[in-house]
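# A closer look at the structure
Listed here are the chains, written in short residue letters.
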Amino acid sequence: MDNRSDIRDFLASRRARLTPDQVGLPTSSRRRVPGLRREEVAVLAGVSTEWYTRLEKGHIAGVSEEVLDAVALALRLDDDERTYLFDLARAARPARRQAARKREAPIAPAVQWMLDSITMSAAFVRNGRLDVLATNPLARALHAPMFASETTTGHGRANFARYHLLDPNSRDFFVDWEDGAASSVALLRAEAGREPYDKALRDLVGELSTLSPEFRTLWASHDIRISHHGTKRLHHPDVGDLELTYQSVDLPTAGRAVYDISLYTAEPGTAHEERLRLLGSLTAPDQPRPAEL
């Protein structure tokens, strides 16, 4: 297996979203296709049309960083898209194609202790495939519908993309379902750029492609997301509506595994904080009564 089709489709999709006037090129009423032509991208990147055509056909191994930078600038890639393009180039190198199979890194006890010490934020660790690897009690309570879903119990591990796209009840849980689905797929697409030979990832993509028409449409868009932060609105069955800010930060691990820690937090002094606090109290173990004086 190689990643030539991903390279081809990604570059073609980025080229198609630009118009000549956006990049300062002359336009013509006789244009038959939307977006830029290959020769126009080549001019903007300072390379020959033949060379860019070969690149867009997937022949990216050995291309210098300077040329990739020029192509990224010509196509007006954002930071996440530029990182994805460089990941595709690294994955296409022969030495990388022969790399050992990627292995899961265990969650260190100290990481679980850290998660458990966080009491006013829902905190969890996930991998690049969006599997949930460890949680604190509040994160498990916050995402209780996902953990109870057949998409989790049937696979032994919660996975945000699988729950989001294969469980109809997720549409009730995620208030902004469409945005969340698009974000999940864009995160998986970024992981596919880093690890195109990860069998578990390929199996997940195959499962979602088979069972979810929404996934097929979003996957074909080749949108990329690497940085993960923003606002999440949830409708929780126990405490009602929650609006939370979330932030993900990288968690160093052994080997090539890419994990992050995500934290969901309510704005202090709001009704959302009170509901999150209530949800936390529902998960807290019973405390012994103080001895009477």
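The structure reproduced in this document is the subject of the present report. In this text, all values refer to a predicted model and were calculated from it rather than measured experimentally.

To continue, consider the packing of helix α2 (residues 38-45) against helix α4 (residues 65-74). Closest axis-to-axis distance for the α2/α4 pair is 8 Å, and the angle between their directions is 120 degrees. Classed by the angle they form, the pair α2 and α4 counts as oblique. Every pair of crossing elements has a handedness; the one defined by α2 and α4 is right-handed. Here Val41, Leu44 and Ala45 of α2 come into contact with α4, specifically with Ala70, Val71 and Ala74. Grouping the amino acids of the contact of α2 with α4 by side-chain chemistry returns six nonpolar, no polar and no charged.

This next bit is on empty space enclosed by the protein. Using the criterion set out here, one finds two cavities of 30 Å³ or more in the structure. Within this model, the largest cavity holds a volume of roughly 110 Å³. Along the walls of the largest cavity sit 13 residues, with Phe160, Ser184, His228, Lys232 and Tyr264 positioned nearest its centre. Every element with two or more residues in the lining of the largest cavity is listed here: β1 (122-127), α11 (160-166) and α13 (177-194). At four residues, α13 tops the list of elements feeding residues into the lining of the largest cavity. Of the residues belonging to the lining of the largest cavity, the class tally is six nonpolar, five polar and two charged.

Another aspect to go through is the pattern of salt bridges. Per the counting criterion, the structure on display carries 20 salt bridges. A salt bridge links glutamate 207 to arginine 162, with the shortest nitrogen-to-oxygen separation between them at 3.0 Å. One end of the pair, glutamate 207, is in helix α14 (residues 199-211); the other, arginine 162, is in helix α11, with 45 residues separating them in the sequence. The exposure class assigned to arginine 162 is buried, which follows from its relative accessible area of 9%. Here the residues in one salt-bridge network are Arg14, Arg17, Glu81 and Asp223, joined through shared partners.

With that out of the way, let us pick up the packing of aromatic side chains. The tally for this structure, following the rule as stated, stands at eight aromatic pairs. Between phenylalanine 173 and phenylalanine 174, the ring centres sit 5.0 Å apart and the planes meet at 65 degrees, which makes this aromatic pair edge-to-face. Across this residue pair, the class does not change: phenylalanine 173 and phenylalanine 174 are buried. Here tyrosine 246 and tyrosine 264 contribute two aromatic rings whose centre-to-centre distance is 5.5 Å and whose plane-to-plane angle is 20 degrees, an arrangement assigned as stacked. With tyrosine 246 in strand β4 (residues 240-251) and tyrosine 264 in strand β5 (residues 259-265), the pair connects residues that are 18 residues apart, well separated along the chain. One exposure class covers both tyrosine 246 and tyrosine 264, and it is buried. Every member of this aromatic cluster is reached through a ring pair, and the members are Phe124, Phe160, Tyr246 and Tyr264. Here arginine 171 stacks its cationic end above the ring of tryptophan 177, 3.7 Å away from the centre of that ring.

The next subject is helix α5 (residues 79-92). In this model α5 runs 20 Å from its N-terminal to its C-terminal C-alpha over 14 residues, within 8% of the 20 Å that 1.5 Å per residue would give. If you check which residues of α5 are buried, you get Asp80, Glu81, Tyr84, Leu85, Phe86, Asp87, Leu88, Ala89, Ala91 and Ala92.

Strand residues, when the strand is regular, have side chains that alternate between the two faces of the sheet. Bridge count between strand β3 (residues 229-236) and β4: eight bridges; the pairing is antiparallel. If you follow histidine 229 over to β4, its bridge partner there is glutamine 247. Taken together, β3 and the strand that follows it, β4, pair antiparallel across an intervening segment of three residues. Looking at chain direction, β4 and β5 are connected through seven bridges and run antiparallel. Residue pairing in the sheet places threonine 245 in a bridge with threonine 265 of β5.

Within β1, six of the six residues are buried, which leaves the element mostly enclosed by the surrounding structure. Along β1, one buried face is formed by Ala122, Phe124 and Arg126 and the opposite face, lined by Ala123, Val125 and Asn127, is buried too. Taken together, the six bridges between β1 and β5 define a ladder with antiparallel strand orientation. Counterpart to alanine 122 in the pairing with β5 is tyrosine 264. Taking the residues that link successive antiparallel strands as the turn, the β1-strand β2 (residues 132-135) hairpin has four residues, and the phi of leucine 130 there is positive, at about 75 degrees.

Definitions and limits used
Residues numbered from 1 in each chain as written. Predicted model: local features only at pLDDT ≥ 70, side-chain atom pairs only at ≥ 80, totals over all residues. Heavy atoms only, no water. Axes fitted to C-alpha atoms, helices over the stretch in contact; angles between N-to-C directions. Helix = DSSP H or I, 4+ residues; strand = E, 2+ residues; numbered from the N terminus. Parallel < 35°, antiparallel > 145°, perpendicular 65-115°, else oblique. Left-handed = near helix turned anticlockwise from the far one by under 90°. Contact = heavy atoms within 4.5 Å. Nonpolar A, V, L, I, M, F, W, Y, C, P; charged D, E, K, R; others polar. 1 Å grid on protein atoms, 1.4 Å probe; cavity = no way out; pocket = protein on both sides within 12 Å on 5 of 7 lines; lining within 4 Å. Points joined across faces, edges and corners; volume = space filled by probe spheres on them. Salt bridge = Lys/Arg side-chain N within 4 Å of Asp/Glu carboxyl O. Buried < 20%, exposed > 50% of the residue type's maximum accessible area, 1.4 Å probe, protein only. Phe/Tyr/Trp six-rings, centres within 6.5 Å; stacked < 30°, edge-to-face > 60°. Lys NZ or Arg CZ within 6 Å of the ring centre and 35° of its normal. Expected span 1.5 Å × (residues − 1). Pairing = 2+ DSSP bridges.

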